[in-house]
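# Structural description and commentary
One letter stands for each residue in the lines below.
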Amino acid sequence: MPQLSCQNLTIGYEGKVVVSGLSFDVNAGDYLCIVGENGSGKSTLIRTILKLKAPMSGKIFTESTGSTGNTGSIGSGLMPNEIGYLPQQTVVQKDFPASVREVVRSGCLNRCGLRPFYNKAEKRIAEENMEKLGISSLAKRCYRELSGGQQQRTLLARALCATRKLLLLDEPAAGLDPKVTAELYTLIGDLNNDGTTIIIISHDICASVKYASHILHIGNRSVLFFGTKEEYLKSETGRIYANMSGGKS
Amino acid sequence: MTWNWDKLSEYLQFPFVQYAIITGVLIAFCASLLGVTLVLKRFSFIGDGLSHVAFGVAAIAAAMNLSNNFFLVLPVTIICAILLLRTGQNAKIKGDAAIAMISVSTLAIGYLIMNVFSKSANISGDICATLFGSTSILTLTRAEVWLCAVLSALVILVFLIFYHKIFSVTFDEDFSTATGVKAKTYNLILAVIIAVIIVLAMNLVGALLISALVIFPALSAMRVFKNFKAVTICSVIISVVCAALGIIISIVAGTPVGSTIVVVDIAGFVIFSAAGFITRRF
Ligand SMILES: Nc1ncnc2c1ncn2[C@@H]1O[C@H](COP(=O)(O)OP(=O)(O)OP(=O)(O)O)[C@@H](O)[C@H]1O
Ligand SMILES: [Mg+2]
C-alpha cells in the first residue's frame, strides 16, 4: 500500500488548469524528485498534496485510510503532524521579531498537541537540527536580518524538526552556496536512508540523478514522465532533459 | 511638585482611584499581549473596525437604557471579529474593504440611534465619552473591577497556553497548516481574544483610541528587541507602565484618562525609537 497515491489529479487556480492527469504512487522510503520548467506546477502540486489548496478534480489517497477527497485532512495513516515542509517562498512580514531558535523550534509544535510549552526532547531536536545545518551560532539572531541562504537553512532546520515520516521540500537548495548544497543533499539522502520519505522539487539534475529513486517530470499541462530513475534515464524525456541540464546520462 | 505628591497620595487613598489603576493596568496588560500579532498579521485594521462595532452596539445599548451594556457588547463584538477574520482569510477580497464597510456602518448607525432614541440630555457628551473614553474608569464599581479582572486573567491565561501556537501561526500560517497545526482554530481563538480585549479597552480609552493602546507598546518594543519573547515581555511592561502613569497624570492634572494614556504611549514610542536608533548606530 503506497504512503501517498494521486489518481487522475487535476490541479490549478480558480478554474485555470495547471496540470491534469497526475497519477502516481509514493511508497514509504521513496525519494521522489519532481522536475519541470518554471511555472509547470510543481509547487502547486506540493501545496495540493499538503491540503493547502483543494485539487480541481481527482483524488489523493494516503496510507490505509482511503480517499480524503477535496476536503478533510491527510488520513490517519499519515498524520499531518508527521510531515515536514519547506516552502519555496515564505511571506514573512518585514521586521517580524523572531530569533532563529524560535523559528526552528516552531517546527516541533506539531509534536506538542495541547501541551503549551516545548519539552526537553523537542528543544534538543531543535538544537541538533541547527547544528546539522550549521546555524547554531546564529541561534539568537533575528530571522529577518539573515542572508537568503541563512534564512533557507533556518527554514530547513524547522522542516526537519517537524518531520517523522514524510518530508516535502520545494527547491531547498535555492540560494545556498555549493558547499552547503552538497551537504544538504547528503543530509537529505541520509534522512531517506533512515526511512523518511522524501518528495523534493529540484532543478539540480545531477543531485536528482544521484539520490532519487523516482522521478516525476511535469511538462506543459501534463505529466511527461513518472517512474524510477533508471527508467527515466533511458526514456526520451529523461535523456533530453539530463543532457540539456548537463547531468550525466 | 511636592503639592502634587501630597495630592496624589491623598487621591490614592480613595477606592475608586485604586480600582481605576488596577483595572487600567490589567487592561493595558492584555491589550499589549496581542499587539505584535495584530501588527504583523495586518490585523491592526480589524482592531480599529471592531472598536467601531463595539461603539455602535454600546450606542444601541444606551438607547435601550441598559444599565450594563457589557453583556450585549461583548458577544456582538466577538461575532463580528469572527466574521471579519473569515473574510480576511479569503485572499480573493481583501479584508480591508469589508472592515471599512462594517466599521463605518456601525459608527453611523450607532450615532443615529443615539441621536434618535437617547433620552439623555447630554447626547454629544455621551458620544464623546464612548468615543474617547469616559471618566467611567473612575466610577467603576467593585463588581465591574472584578469582571475586568476575571476577563483579563482569562485573556492572559489563553495567551500563555497558546503562546507558541500564536507565534507559529503568525510567523508562517502555511507551514503550520501543512504540518498539522490547526491554524484555523488558532485564528478563531485570536479573533475572540481580540474582541474581548477591545471591549475591555473601550472602558479605559474609548472606542477611537483602542488601537493606540494595542499597537504602540508592540511597535515601541519592536524598535529595540528582535525576538518574539523579548518583544512580548517588553511591550507588556511598556503598556503597564504607560497606563499607570497615564492614569496618575490624568488624576493629578485633571486631563481625560484615555487620551492621557495614549499620549504617554506615544512618548514611550519616541523614547524607544531613539533607543533603537542609538543601539543600532553604536
Ligand atoms: N496564487 C496563484 N494564483 C493563480 N495562479 C497561480 C498562483 N500561483 C501560481 N500560479 C500559476 O500556476 C502555474 C504553476 O505555478 P507553480 O508555482 O506551481 O510553478 P512551479 O513549477 O513551482 O515553478 P518554479 O520552478 O518557478 O517554482 C504558473 O503558471 C503560475 O502562473
Ligand atoms: Mg515552485
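Residues numbered from 1 in each chain as written. Chains lettered and ligands numbered in written order. Predicted model: local features only at pLDDT ≥ 70, side-chain atom pairs only at ≥ 80, totals over all residues.

### Overview of the overall build of chain B
We count it as follows: Helix and strand definitions here come from DSSP, where helices need a minimum of 4 consecutive H or I residues and strands a minimum of 2 consecutive E residues; each element is numbered from the N-terminal end. Residues with at least 20 neighbouring C-beta atoms inside 10 Å of their own are called buried, those with 12 or fewer are called exposed, and the rest are partly exposed, where every C-beta is derived from the backbone. Two residues form a contact once the distance between their C-beta atoms, set from the backbone, is within 7 Å.
Helix and strand counts for chain B come out as 14 helices and zero strands. Starting at the N terminus and ending at the C terminus, chain B contains elements arranged as α-α-α-α-α-α-α-α-α-α-α-α-α-α. Residue burial in chain B is summarised as follows: out of 282 residues, 50% are buried. For chain B, the share of sequence-separated contacts (at least 6 apart) that also reach a separation of at least 24 residues comes to 75%.

### Details of the nonpolar core
Stated precisely, the cut-off is as follows: Residues enter a nonpolar core if they are buried, belong to Ala, Val, Leu, Ile, Met, Phe, Trp, Tyr or Cys, and are joined to the set through C-beta atoms within 7 Å. Marked domain ranges trace back to an automatic or database domain assignment.
Grouped together as the largest cluster of nonpolar side chains are 156 residues, with contacts concentrated most on L168(A), A54(B), I194(B), I197(B), I198(B), A201(B) and L213(B). Top contributing element to this core by residue count: helix 11 (residues 183–205) of chain B, with 15 residues. Two domains share this core, each providing at least three of its residues, namely domain 1 (4–78 + 165–244) and domain 2 (103–164) of chain A.

### Thoughts on the domain arrangement of chain A
Residues and elements named next belong to chain A. Heads up, the condition is: When residues are sorted by character, Ala, Val, Leu, Ile, Met, Phe, Trp, Tyr, Cys and Pro go into the nonpolar class, Asp, Glu, Lys and Arg into the charged class, and all the rest, Gly among them, into the polar class.
Domain annotation of chain A identifies domain 1 (4–78 + 165–244) and domain 2 (103–164). The C-alpha centroid of domain 2 is placed 24 Å from the C-alpha centroid of domain 1. With 11 residues of domain 1 at the contact, the number on the domain 2 side is eight residues. Put simply, the parts of the chain that give the side of domain 1 that touches domain 2 at least two residues each are strand 7 (166–170) and helix 6 (178–193). Taken together, the residues of the side of domain 1 that touches domain 2 break down into seven nonpolar, two polar and two charged.

### Description of the pairing of strand 1 (residues 4–13) of chain A
Residue and element names in this part refer to chain A. Using the following cut-off: Pairing between two strands is assigned when DSSP locates at least 2 bridges connecting them.
The sheet contact formed by strand 1 and strand 2 (residues 16–26) spans seven bridges and is antiparallel. Counterpart to C6 in the pairing with strand 2 is F24. Joining the antiparallel neighbours strand 1 and strand 2 is a turn of two residues, in which E14 adopts a positive phi near 45°. Note that strand 1 and strand 4 (residues 57–62) share five bridges and pair antiparallel.

### Overview of the site of ligand 1
All names here are of chain A. Heads up, the condition is: Nearness between a residue and a molecule or strand is assessed with a C-beta atom placed from the backbone; a distance within 6 Å qualifies.
Around ligand 1, the surrounding shell consists of Y13, V18, G36, N38, G39, S40, G41, K42, S43, T44 and Q88. It is helix 1 (residues 42–49) that provides the largest number of residues to the shell around ligand 1, a total of three residues. The class makeup of the residues in the shell around ligand 1 is two nonpolar, eight polar and one charged.

### Quick notes on helix 12 (residues 210–224) of chain B
Inclusion rule: Throughout, the bend at a residue refers to the angle made by two axes, fitted to the seven residues ending there and to the seven starting there.
The largest bend in helix 12 of chain B comes to about 25°, at F216(B), with the proline P217(B) one to four residues further on. Here helix 12 of chain B lies mainly inside the structure; 15 of its 15 residues are buried.

### So, the interface of chain B and chain A
Listed per partner, the contact involves 24 residues of chain B and 25 residues of chain A. Sorting elements by how many residues they give to the side of chain B that touches chain A places helix 9 (residues 163–171) of chain B first, with six residues. Partitioned by chemical class, the residues of the side of chain B that touches chain A number 14 nonpolar, six polar and four charged.

### Points about the confidence of the model for chain B
Residue and element names in this part refer to chain B. Rules: Residue-level confidence of the predictor is what pLDDT reports, using numbers from 0 through 100.
Per-residue confidence for chain B averages 81 on the pLDDT scale, and 85% of its residues sit at or above 70. The lowest-confidence element of chain B is helix 7 (residues 123–132), averaging 67 in pLDDT; the highest-confidence one is helix 13 (residues 228–253), averaging 91. Under the prediction, the complex receives an ipTM of 0.83, its pTM being 0.84.

### Some remarks on the packing of helix 8 (residues 142–161) of chain B against helix 11 of chain B
Residues and elements named next belong to chain B. Keep this limit in mind: Here the axes come from fitting lines to C-alpha atoms, over the contacting stretch only for helices, and the angles between their N-to-C directions go from 0 to 180 degrees. Just so you know how the angles are binned, under 35 degrees is roughly parallel, over 145 roughly antiparallel, 65 to 115 roughly perpendicular, and the rest oblique. If you view the pair so one helix is near and one far, a crossing is left-handed when the near helix is turned anticlockwise from the far one by less than a right angle, and right-handed when it is turned clockwise.
Contact geometry for helix 8 and helix 11: axes closest at 11 Å, N-to-C directions at 150°. By the angle between their directions, the pair helix 8 and helix 11 is classed as roughly antiparallel. In this structure, helix 8 crosses over helix 11, and the sense of that crossing is left-handed. Across the interface between the two elements, C148, L151, S152, V155, V158 and F159 of helix 8 pack against I189, I193, V196, I197 and L200 of helix 11. When the residues that make up the contact of helix 8 with helix 11 are grouped by side-chain class, the tally is 10 nonpolar, one polar and no charged.

### Some words on the sheet that holds strand 9 (residues 214–218) of chain A
Residues and elements named next belong to chain A. A sheet is described by the order of its strands in space; here six strands give the open sequence 6-7-8-3-9-10, paired in mixed fashion. Where the open sheet ends on each side, the last strands, each with one partner, are strand 6 (83–86) and strand 10 (223–228). Taking each pair of neighbouring strands and ignoring which way they run, the sheet shows an average axis angle of 10°. Sheet analysis places strand 7 next to strand 8 (residues 197–201), joined by five bridges and oriented parallel.

### Here's the deal with the confidence of the model for chain A
It should be kept in mind that the predicted coordinates are not to be read in detail where pLDDT is low. Across chain A, the average pLDDT comes to 82, with 89% of residues at or above 70. Between residues 65–76 of chain A, whose pLDDT stays under 50, and residues either more than four places distant or in other chains, the model counts 20 contacts.

### Remarks on the environment of V18(A)
Residue and element names in this part refer to chain A. By the element assignment, V18 lies in strand 2. Given 20 C-beta atoms within a 10 Å radius, V18 is considered buried. As a C-alpha pair, V18 and M79 span 61 residues in sequence and 27 Å in three-dimensional space.

### Brief notes about the packing of helix 4 (residues 120–132) of chain A against helix 5 (residues 148–162) of chain A
Residue and element names in this part refer to chain A. The geometry of helix 4 relative to helix 5 is characterised by a closest axis approach of 9 Å and an angle of 135° between their N-to-C directions. The angle between the axes of helix 4 and helix 5 places the two elements in the oblique class. Like other packed secondary-structure pairs, helix 4 and helix 5 cross with a definite hand, here right-handed. Residues I125, A126, N129 and M130 of helix 4 touch helix 5, and the partners they reach there are A157, L160 and C161.

### As for the pairing of strand 3 (residues 31–36) of chain A
All names here are of chain A. Counting buried residues in strand 3 gives six out of six residues, a clear majority hidden from the surface. Of the two faces of strand 3, both are covered, the one formed by Y31, C33 and V35 as well as the one formed by L32, I34 and G36. Here four bridges tie strand 3 to strand 8, and the two strands are oriented parallel to one another. Bridge pairing in strand 8 places Y31 opposite I198. Note: strand 3 against strand 9, five bridges, orientation parallel.

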